[in-house]
Amino acid sequence: MKAIDVDAVRAFLLAADLKSFTQAANVLGTTQSAVSLKLRRLEDQLGRRLLERTPRHVRLSAEGLAFQGAARELVSSHDRAAAAFTTEQRRLAIGINQLLVGGELPTLLRQMRDHDPGLLVEMRIAGTKELLQSLEQGHLDAALVLRPEGNEKRGKLAFTETFSWFGAHDWKQPAGQPLLLATQGEACSIRTEAVRALDRAGIEWREVFVGKGAAILGAAAVAGLAVAVLACRAAPSGVVDMTGVLSLPRIRSQEVMLYSNLTDRRTREALRVFSLAFH
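Residues numbered from 1 in each chain as written. Predicted model: local features only at pLDDT ≥ 70, side-chain atom pairs only at ≥ 80, totals over all residues. Heavy atoms only, no water.

Asks: Quick question: what am I supposed to make of the overall build of the chain here?
Replies: Secondary structure assignment for the chain yields nine helices and twelve strands. Dimensions along the principal axes, computed over C-alpha positions, put the chain at roughly 70 × 45 × 30 Å. Look at the contacts in the chain between residues 6 or more apart in sequence, and 74% of them connect residues 24 or more apart. Carbon and sulfur atoms form 50% of the exposed surface of the chain, whose accessible area is close to 14800 Å². Seen as two clouds, the 36 positive and the 30 negative side-chain charges of the chain have centres 3 Å apart. (Helix = DSSP H or I, 4+ residues; strand = E, 2+ residues; numbered from the N terminus. Contact = heavy atoms within 4.5 Å. Areas by Shrake-Rupley, 256 points an atom, 1.4 Å probe, with all protein chains shown as cover. Lys, Arg positive; Asp, Glu negative; His and termini not counted. Charge placed at Lys NZ, Arg CZ, Asp CG, Glu CD.)

Asks: Looking at this model, I keep getting lost on helix α3 (residues 32–46). Mind explaining?
Replies: Since the α-helix advances by 3.6 residues per turn, residues separated by three or four positions end up pointing in the same direction. The end-to-end C-alpha distance of α3 is 21 Å, a good match for the 21 Å that 15 residues give at a rise of 1.5 Å each. Within α3 the residues assigned to the buried category are Val35, Ser36, Leu39, Leu42, Glu43 and Leu46. Buried residues along α3 cover an arc of 130° about the axis, so they all sit on one side. Exposed and facing more than 90 degrees away from the buried side of α3 are Arg41 and Asp44. For α3, the secondary structure elements touched by its buried residues are α1 (6–18), α2 (21–28), β1 (51–53) and α4 (62–82). Just downstream of α3, glycine 47 is the residue with a positive phi angle, here 70°. (Expected span 1.5 Å × (residues − 1). Buried < 20%, exposed > 50% of the residue type's maximum accessible area, 1.4 Å probe, protein only. Arc of directions from axis to C-beta.)

Asks: Whenever I open this one, the sheet that holds strand β8 (residues 179–183) confuses me. Can you help?
Replies: In a beta sheet, neighbouring strands pair by backbone hydrogen bonds and run either parallel or antiparallel. As summarised here, the arrangement of the five strands in space is β9-β8-β10-β7-β11, forming an open sheet in which the pairing is mixed. Here the strands that pair on one side only, and so sit at the sheet edges, are β9 (205–210) and β11 (239–241). Sheet twist, expressed as the average angle between the axes of neighbouring strands with direction ignored, equals 40°. Alignment of β8 against β9, held across five bridges, turns out to be parallel. Bridging across to β9, leucine 179 finds its partner in tryptophan 205. Lying on the sheet, helix α7 (residues 189–201) is in contact with β7 (163–168), β8, β9 and β10 (227–231); it crosses β9 at an angle near 160°. (Pairing = 2+ DSSP bridges. Axes fitted to C-alpha atoms, helices over the stretch in contact; angles between N-to-C directions.)

Asks: Please explain the pattern of salt bridges as it appears in this structure.
Replies: Under the defined criterion, the tally for this structure stands at eleven salt bridges. Put simply, lysine 38 and aspartate 5 hold a salt bridge, and the shortest N to O gap is 3.9 Å. Taken together, the residues span a long stretch of sequence, with lysine 38 in helix α3 and aspartate 5 in the segment before α1 at a distance of 33 residues. Residue classification places lysine 38 among the partly exposed positions, given a relative accessible area of 30%. Among the ionic pairs, aspartate 17 bridges to arginine 72, the shortest N-O distance being 2.8 Å. Highlighted residues: aspartate 17 in helix α1 and arginine 72 in helix α4, separated in sequence by 55 residues. There is no split in this pair, since aspartate 17 and arginine 72 are both buried. One continuous salt-bridge network, built from bridges that share partners, spans Arg91, Glu122 and Asp141. (Salt bridge = Lys/Arg side-chain N within 4 Å of Asp/Glu carboxyl O.)

Next up, the structure:
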């Protein structure tokens, strides 16, 4: 057998993780057709079908799942060898809005590691205002945040995030009682958006839990304490969308902005991989 094309294996891993040839192509800086060609040649070489493709979905086949671990080891070993004589360690400090971080974070971090194993990554999870202040003070290189109101800084639209109402599978709204809410408190723009929507719909509500971050609000929802407004990406297992169940108003989608102070190619490329993989 000819030597396996490491770039094709890297494309396979990205397509499997992101469940999309288009997203994999964006991360690699190439086209969807080029990724498809690489994967087809890899599958022909191995004599195995690694990915199941439908018009809307890409998922691992049983043989792809068996190959995935060895594929990661191959790419990782290749990248370590390529960086063997690189002595300079670069630092990338990223801030992410606390409402955007969900269960996909390990996959995102693994993609950054696979892209540049020698990169020192620092990550801070906080609110938009705090992250933009840290960016301005030079403590962060980049920040991925919900679009701040009245902020004139130049940022790039990264993607649009959807939010909805989530509650436990067995959540029962007490008859005749206000809707019980878990929020981040009055300073949170998503809370403001949510309660305005409730007020416009004439739905009474009562705040019974305040916490910072999607993980904490999600835990409150799973525990059955209240209904929480969460980014759909960050909703934990154990909750369901309550919009239709409780006839709640829809929450407007929110723009997520990427702000960056980076100038060198290496860290800018790592940030591009991260931000593309994030959505």
